[in-house]
Amino acid sequence: MVKPLPFIKNHQYNFINKQVDLLERACNSVTDPKVVESVRYSVHFNILEAFPDADELQKQLLEKVAMLRTEGEFRHYLRSLEPYLAEFPVVTGKQLAKLFPKNKKLKLPDFAAIDYRYVTYLGWVDIATHKLFIVYRLNGRLVGVEGRYIPTNKSVCFLCNRHAEVALFTTVTKSKPANASPDYYKAIGNYLCVDSEVCNKNMTDVTALEKFVREAVGTHES
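Parameters and conventions
Residues numbered from 1 in each chain as written. Predicted model: local features only at pLDDT ≥ 70, side-chain atom pairs only at ≥ 80, totals over all residues. Heavy atoms only, no water. Phe/Tyr/Trp six-rings, centres within 6.5 Å; stacked < 30°, edge-to-face > 60°. Helix = DSSP H or I, 4+ residues; strand = E, 2+ residues; numbered from the N terminus. Buried < 20%, exposed > 50% of the residue type's maximum accessible area, 1.4 Å probe, protein only. Core = buried A, V, L, I, M, F, W, Y, C linked by side-chain atoms within 4.5 Å. Contact = heavy atoms within 4.5 Å. Disulfide = S-S within 2.5 Å.

Further remarks concern the packing of aromatic side chains. The full count for this structure, using the stated rule, is eight aromatic pairs. The interplanar angle of 45° and the centroid separation of 5.8 Å between the aromatic rings of Phe 169 and Phe 212 together place this pair among those described as tilted. On the criterion of sequence distance, the pair formed by Phe 169 in strand E6 (residues 166-172) and Phe 212 in helix H7 (residues 207-217) is long-range, its members being 43 residues apart. Pair check on accessibility: Phe 169 and Phe 212 agree, each one buried.

Pasting the structure below:
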């Protein structure tokens, strides 16, 4: 049997989950068939729009959402997509050491606890040094961003847009204006989920993440 080719990234799978939940709630709570069909059309359209490069077989798989009506069908649909999840690249301690060369005693994440199918970015904290680390695949290569974090009260995470336990994450950007002086310094910061696993489960878009990473590492590549 030919192994399915993965094409669904974690944030896209989360988006599908939310769309499926929207349709399921409509099927269970809305009595007007026209309203339900309107939601069904919208969900179908939104999911396909999230995969502009999908081939015909991939579209056929995604389009099955339009036929769902019962709880069992909704659950089966989501499970049927799991073999198509595109895993985040498996990383090693040596790779992370190269991404953060200035940290001679780099605290590593718990690799055994990571399910790379559900990772958009790899994130972890070093409580001893009050540092937070992010690893993301940008333009086909892994890049690392590190910075200070200050725990705060609950707020909205800039990556997943959920109200959660967050920290103010700040890092010094490597981006510099063309006429910048040698001692140019600029810090950028945002409120970020302290628990990256929770954040990864809620992310449905990578626009904010990629913008932040590009500015942090000093690349403006598209």
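Structure's up, so let's keep going.
Ranked by internal contacts, the top residues of the largest apolar core, which has 27 residues, are Tyr 121, Cys 157, Leu 159, Leu 192, Cys 199 and Met 203. At the level of elements, strand E2 (131-138), strand E3 (141-151), E6, strand E7 (187-193) and H7 are the ones that each hand at least two residues to this core. Leaving out residues up to four positions away in the same chain, Cys 199 has contacts with Tyr 121, Cys 157, Leu 159, Cys 160, Leu 192 and Cys 193.

Scanning the model with the defined rule gives zero disulfides in all. Free cysteine: Cys 157, not disulfide-bonded; nearest cysteine sulfur from Cys 193 at 3.7 Å. The class for Cys 157 is buried, based on a relative accessible area of 0%.

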